[in-house]
Amino acid sequence: MSQNDQDQAQERTEKPTPKRLEDARRKGQVPRSRELSMAMIMIGASLLLVGSQQHLGPQLVALMRQGLSHDRESIIDSTMLAGEFGNLALQALWLFAPFLALCMAMAILGGVAIGGLNVSAQALAPKFSKLNPVKGLKRIFGLNGLVEVAKALAKAGLIGGVALGFLALVAGDLLALTLSPVHVATASALTLVFWTLAVSSAALAVIALLDAPYQLWNHERQLKMTRRDIRDELKETEGRPEVRARIRQLQQETAQRRMLRDVPDADVIVTNPTHFAVALRYDETSMRAPVVVARGTDLVAARIREIGRSHRVPTFEAPLLARALYWTTDIGQPIPSTLYVAVAQVLTYVFQLRRAEQGSAAWPDRPVVAVDPELAEPSGRRNGKPEVR
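Sequence positions are assigned chain by chain, starting from 1 and proceeding in written order. In keeping with the model being predicted, local features are shown solely for residues with a pLDDT of at least 70 and side-chain atom pairs are shown and tallied solely at 80 or more, while totals for entire chains, interfaces and linings include all residues. Values reported for side chains reflect all heavy atoms of the structure, with hydrogen atoms and water molecules removed beforehand.

Trainee: Please clarify how the overall build of the protein should be interpreted in this entry.
Mentor: Under the scheme used here, helices are H or I runs from DSSP no shorter than 4 residues and strands are E runs no shorter than 2 residues, and both carry numbers assigned from the N terminus. From N to C terminus, the protein includes 17 helices and four strands. Relative to its 389 residues, the protein shows a buried fraction of 32%. Taking contacts inside the protein between residues at least 6 apart in sequence as the whole, the part at least 24 apart equals 76%. Using a 1.4 Å probe, the Shrake-Rupley method yields the accessible areas, and only the shown protein chains count as cover for residues. Accessible area of the protein: about 24,500 Å², with a carbon and sulfur share of 62%. Think of it in three bands: with a 1.4 Å probe and only protein chains considered, a residue is buried below 20% of the maximum accessible area for its type, exposed above 50%, and partly exposed in between. Working rule for contacts: check all heavy atoms of both residues, and any pair within 4.5 Å makes them a contact.

Trainee: In this structure, what is going on with the packing of aromatic side chains? I would like to understand it.
Mentor: Given two aromatic rings, one states the distance between the centres and the angle between the planes to describe the pair. Each aromatic pair joins two rings of Phe, Tyr and Trp (for Trp, the six-membered one) with centres within 6.5 Å, and gets the label stacked for planes under 30 degrees apart, edge-to-face for over 60, and tilted for any other angle. The tally for this structure, following the rule as stated, stands at five aromatic pairs. Pairing Phe316 with Tyr349 gives two aromatic rings, centres 5.8 Å apart and planes at 70°, and the pair type is edge-to-face. Residue Phe316 is located in strand S4 (residues 315-317), and its partner Tyr349 is located in helix H17 (residues 340-357); the two are separated by 33 residues in the primary sequence. Geometrically, the ring pair formed by Tyr326 and Trp327 is edge-to-face, given 5.1 Å between the ring centres and 85° between the ring planes.

Trainee: Help me understand the pattern of salt bridges in this model?
Mentor: Should their charged atoms come close, side chains of opposite charge can pair. Definition used for salt bridges: Asp or Glu carboxyl oxygen within 4 Å of a side-chain nitrogen of Lys or Arg. Going through the model one piece at a time under the given rule, you end up with four salt bridges. We note a salt bridge from Lys19 to Asp23, for which the minimum N-O separation is 3.0 Å. One end of the pair, Lys19, and the other, Asp23, are both in helix H2 (residues 18-26), four residues apart, so they sit about a helical turn from each other. For Arg354, the salt bridge goes to Asp267, with nearest N and O atoms at 3.5 Å. Placement of the pair is Arg354 in helix H17 and Asp267 in the loop between helix H14 (241-261) and strand S1 (268-271), with a sequence separation of 87 residues.

Trainee: What am I meant to see in the confidence of the model for the protein here?
Mentor: Regions with low pLDDT should not have their predicted coordinates read in detail. Mean pLDDT over the protein stands at 77; residues scoring 70 or higher make up 81%. Looking at any residue, its pLDDT shows the predictor's confidence there, from 0 to 100. Between residues 1-9, whose pLDDT stays under 50, and residues either more than four places distant or in other chains, the model counts five contacts. Note that pLDDT drops below 50 for residues 382-389; the model gives that stretch 19 contacts with residues more than four away or on any other chain.

Trainee: Help me understand the pairing of strand S2 (residues 276-281) in this model?
Mentor: Where burial is concerned, most of S2 is hidden: five out of the six residues are buried. DSSP-based pairing: two strands are paired if at least 2 bridges between them are found. Pairing analysis gives four bridges linking S1 to S2, with the strands arranged antiparallel. Among the inter-strand pairings, Val268 is bridged to a residue of S2, identified as Leu280. Hairpin connection between S1 and S2: a loop of four residues separates the two successive antiparallel strands. In the sheet, S2 pairs with strand S3 (residues 291-297) via six bridges, with the strands oriented antiparallel. Across the sheet, residue Phe276 finds its bridge partner in S3, namely Thr297.

Trainee: Mind showing me how you'd approach the sheet that holds S4 here?
Mentor: For sheets, the rule is that strands pair by backbone hydrogen bonds, running either parallel or antiparallel. As summarised here, the arrangement of the four strands in space is S3-S2-S1-S4, forming an open sheet in which the pairing is mixed. What marks the edges here is a single partner per strand, and that holds for S3 and S4. Taken pair by pair, the neighbouring strands of this sheet meet at an average axis angle of 20°, ignoring direction. By the bridge criterion, three bridges tie S1 to S4 in an arrangement that is parallel. To obtain each axis, a line is fitted to C-alpha atoms, and for helices this fit is confined to the stretch in contact; angles are then taken between N-to-C directions over 0 to 180 degrees.

Trainee: So what exactly am I meant to see when it comes to the nonpolar core here?
Mentor: For soluble globular proteins, nonpolar side chains are generally found buried alongside one another. By size, the foremost hydrophobic cluster in this structure holds 24 residues, and its most contacted members are Val268, Val270, Leu280, Leu321, Leu325, Leu339 and Val343. Counting residues per element, the ones that place at least two in this core are S1, S2, helix H16 (319-328) and H17. Counting residues in each nonpolar core, the second largest holds 14 residues, with Met259, Ala266, Ile307 and Val313 among its members. Within this scheme, the nonpolar core is defined by two criteria: the residues are buried Ala, Val, Leu, Ile, Met, Phe, Trp, Tyr or Cys, and they are joined through side-chain atoms within 4.5 Å.

Trainee: Even after reading the chapter, I still don't get unusual backbone geometry, so can you show me in this structure?
Mentor: Trans peptide bonds make up most of the peptide bonds, and negative phi angles are found at most residues other than glycine. Positive phi, close to 55°, is recorded for Asp298, a residue that is not glycine. Topologically, Asp298 is positioned in helix H15 (residues 298-310). Of note, the phi angle at Arg312 is positive, near 60°, even though the residue is not glycine. Note that Arg312 resides in the loop between H15 and S4.

Trainee: Before we go on, may I ask you to explain H16 in this structure?
Mentor: Residues spaced three or four apart along an α-helix face the same direction, because each turn holds 3.6 residues. Counting buried positions along H16 gives seven out of 10 residues, so the element sits mostly inside the fold. Looking only at H16, the buried set comprises Leu321, Ala322, Ala324, Leu325, Tyr326, Trp327 and Thr328. The inward-facing, buried residues of H16 abut S1, S2, S3 and H17.

Trainee: Is there a simple way to explain the packing of helix H3 (residues 34-51) against helix H7 (residues 97-112) in this structure?
Mentor: The relative placement of two packed helices comes down to the angle between their axes together with the axis-to-axis distance. Interaxial distance between H3 and H7 falls to 8 Å at its minimum, and their mutual angle equals 150°. Compared by their axis directions, H3 and H7 come out roughly antiparallel. Taken as a pair, H3 and H7 cross one another with a handedness that is right-handed. Residue-level contacts link Leu36, Ser37, Met40, Ile41, Gly44, Ala45, Leu48 and Leu49 of H3 to Pro98, Phe99, Leu102, Cys103, Met106, Ala107, Leu109, Gly110 and Gly111 of H7. When residues are grouped by polarity, Ala, Val, Leu, Ile, Met, Phe, Trp, Tyr, Cys and Pro land in nonpolar, Asp, Glu, Lys and Arg in charged, and all others, Gly among them, in polar. For the contact of H3 with H7, the residue count by class is 13 nonpolar, four polar and no charged. Just so you know how the angles are binned, under 35 degrees is roughly parallel, over 145 roughly antiparallel, 65 to 115 roughly perpendicular, and the rest oblique. Two helices that cross are described as forming a left-handed crossing if the nearer one is turned anticlockwise from the farther one by less than a right angle, and a right-handed crossing if clockwise.

Trainee: I'm lost on the environment of Gln333 in this one. Help?
Mentor: Note that Gln333 resides in the loop between H16 and H17. On the basis of relative accessible area, Gln333 is assigned to the partly exposed category, the value being 40%. A C-alpha to C-alpha distance of 8.1 Å links Gln333 and Val293, two positions 40 residues apart in sequence.

Trainee: Teacher, can you tell me more about the environment of Ala203 here?
Mentor: Tracing the backbone shows Ala203 in helix H12 (residues 182-222). Given a relative accessible area of 7%, Ala203 falls into the buried group. Along the primary structure Ala203 and Ala163 are separated by 40 residues, whereas in three dimensions their C-alpha atoms are 9.0 Å apart. Once residues lying within four places of it in the same chain are set aside, the contact partners of Ala203 are Leu158, Ile159 and Val162.

Structure (structure tokens):
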């Protein structure tokens, strides 16, 4: 391989395999968008505040009035003052409990929105490599660091600009607050704050819609593989060639044992007579055509004939038909329609023999079975499946 080919082979141009993605998840490497989480928190909180302002505003005013109203004894006695402030804190916590619960729920949903729920013990383990200052500088001045800086600037500029624009639109309402009674001014100020938060959250949603696809793309880019990585993973997953060959051999032996167990249920075994053997079974009540229960050549064929003799399964010698059945059928599948007539002749002969042995019919004449010679050649084999020997 030339140097250019080697360099090209080392480029991470291949998409990550499912195994690599699963390994990354176990290490805690999943796509996450902090902007999406923040946007969901802000939007959920602002909608809740705007929707509950009629209820929340008067209670905040009452809470503020209570916090600023103290008698002489409580001001002098620090214990009483601390108790009153603790009571006010509990009331405020209870008042904002739905708001805090919603923020927590939105934070969780935003965190798993694009990467799914993932708990990784490896991600919690300490990594001293993160203390390397060189790698820290690379993270800061690398592509991800520059993107994060750009997002922070864009976020600050967009949200700040939208908020200032909204405040400019309601500047008249702001100035009117100075002329309104305290309780009216407080309620109106809360309404303006809540709507400013809602408009700013909508601007943050724009950044989140851009950041989420970027995080998905960046996650896949970081996990991209070289062609050599894929080859190494394939070797690791499937094992060495000799191991795979041994596995295939064991699978074939298991399939042969399973196949041979069905030979006693066959109605007839069609033979070559020595090199091929195909066992057939037919039940006119449940089958539309005879089914192959076992097939094989050489040693397997000899084993099929041996099991058939020990279980008194009739054997019919028809070289062309045996080879045609072997090359055109699969175990557990019905015979092809091109062999219906030939197999029907054989089965009819076998069933007549049974009745003759029972004394209920005369001994039949052995049929002359005609088969197209082309079907008895390997070219008639379907799907190119390997032979069972």
